[in-house]
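What the coordinates show
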Amino acid sequence: MLRSTQRTDGPPPTPNPSDQVARVVDAVHGLPGRPLPAVQAEALARALGGCLEATRVTIALWLPQPAGHDVDATAGHTVQEHRWAATDAEAVPVSGATPVRLCDGEQVLADLVVEPPAAAERLLRWPELYAVTRLLVSDVQAQLIAADAEKLIGQSDLLLADARLRAAGEMEHQRYQLERDLHDGAQHHMVALQMSLAMVEHQLDAGDAAEAGRHLDRLRELLASTEEVLHTTATGLLAPLADHGLVTALTARLGTLDTVTLDIDAQLADRRYPPEVETAVYLTCLEAVSNAHKHAPGAAVTLTLRVSCRGLSFRVADTGPGFDTGGRMPLRQLAARLAAVDGTLTVRSSPTAGTLVSGFVAS
């Protein structure tokens, strides 16, 4: 007797929509470790392709314009694309595919391109999957925006640290500049004041009130001159030099000192040199005269300034007791200052023969 048999072949059962939605969520949230947002976006595109029986899925995320980047200022956003495509031969792009725009209120999250169009229609008719996709895309977008913000904060911290370092360096440079300006500009006036006070004391002890009165008048002039020097230092030691030139600046600083004689070449009256050369020669001469006053008080000092076809030369000679150089080069700081403008400095001195400081800067 023949027995009837039941056929078991036929189309597979239709997948449960809820299971498909769960598969999409698991594909993104079930990634191991702490996956990057880009990895999550690619996993979402792949899972959507499987659920919708698509051949190609492209997620074009909308992101705010990154600060400081050379992008179109009128665009208002940049686009970061993540794609998935089937591996079979039919996985070819469909021209003119209409994107599905995912939004959170008025904020655009992404444009979702699903190919072929029939697969995109499935997404639009599947509200649960559409809603889950929108939430997952929103999460990926938020992570990317947060990462960009952290990067920007890190860059801002670096810029702030660099700005603080530069400011500290500039403050230190200004402090050093002020110290050097006081040393080069005001010090020799202070020495001259000390010398004048000593002369007044000596003449009063000797009973020469008339001579002491004459030196008191000179002391008042020196005090006024010193006040001017300190004011000039506060507003810029080199301003007179920049405005009027080397000869005028040296004459204004040294011409009123009783112990200093200026012997300046007439050809230099209206001649100007590069600012760095005038600055180096000017400060070197002031320092040399100040050293003479300090180490040879009361000695006569002569500053000679000459110009030739070869360049500019100067000599600061005093009639003091001198010193033994011991074969070394004193005044290294002055030598370094002249060397910076391709100049040279020579110091000659011996006991009882005075000191000669000479320099030369080639034209």
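Residues numbered from 1 in each chain as written. Predicted model: local features only at pLDDT ≥ 70, side-chain atom pairs only at ≥ 80, totals over all residues. Heavy atoms only, no water.

Helix and strand counts for the chain come out as 9 helices and 9 strands. The burial tally for the chain puts 38% of its 363 residues in the buried class. Excluding contacts between residues fewer than 6 apart, the proportion of contacts in the chain whose partners are at least 24 apart in sequence is 66%. Of the roughly 21300 Å² that the chain leaves accessible, carbon and sulfur atoms contribute 56%. (Helix = DSSP H or I, 4+ residues; strand = E, 2+ residues; numbered from the N terminus. Buried < 20%, exposed > 50% of the residue type's maximum accessible area, 1.4 Å probe, protein only. Contact = heavy atoms within 4.5 Å. Areas by Shrake-Rupley, 256 points an atom, 1.4 Å probe, with all protein chains shown as cover.)

Direction vectors running N to C along helix α8 (residues 275-295) and helix α9 (residues 332-339) enclose 165°, while the axes themselves pass 9 Å from each other. What the angle tells us is that α8 and α9 run roughly antiparallel. Considering the relative orientation of α8 and α9, their crossing is left-handed. Where α8 abuts α9, its residues A280, V281, L283, T284, E287 and A288 lie against L334, R337 and L338. Residue composition of the contact of α8 with α9, grouped by class: 6 nonpolar, 1 polar and 2 charged. (Axes fitted to C-alpha atoms, helices over the stretch in contact; angles between N-to-C directions. Parallel < 35°, antiparallel > 145°, perpendicular 65-115°, else oblique. Left-handed = near helix turned anticlockwise from the far one by under 90°. Nonpolar A, V, L, I, M, F, W, Y, C, P; charged D, E, K, R; others polar.)

Here we take up the side chain of Q40. On the secondary structure map, Q40 appears in helix α2 (residues 37-51). Judged by its relative accessible area of 7%, Q40 is buried. Within the structure, the side chain of Q40 is placed 3.2 Å from the side chain of Q143, a separation counted as a polar contact. With near-sequence residues (within four places) excluded, Q40 lies in contact with V28, L31, P35, D139, V140 and Q143. (Polar contact = N/O pair within 3.5 Å; in protein donor to acceptor, adjacent residues only side chain to side chain.)

A few words on the confidence of the model for the chain. Mean pLDDT over the chain: 81, with 79% of residues reaching 70 or higher. Low pLDDT, under 50, characterises residues 1-8; the stretch is placed with 0 contacts to residues that sit more than four places away or in other chains. The low-confidence segment residues 69-74 (pLDDT under 50) makes 4 contacts with residues lying over four places distant or belonging to another chain. (pLDDT = per-residue confidence, 0-100.)

As a further point, take α8. For α8, with 21 residues, the first-to-last C-alpha span of 30 Å sits near the 30 Å given by 1.5 Å per residue. The buried fraction of α8 is high, at 16 of 21 residues. (Expected span 1.5 Å × (residues − 1).)

Let's shift gears to the environment of M195. The residue M195 is located in helix α4 (residues 127-205) in this model. Among the residues examined, M195 registers a relative accessible area of 16% and is labelled buried. Along the chain, M195 and H293 lie 98 residues apart, while their C-alpha atoms are 8.5 Å from each other. Each residue touching M195, except ones within four places of it in the same chain, is listed here: T259, H293, P297 and G298.

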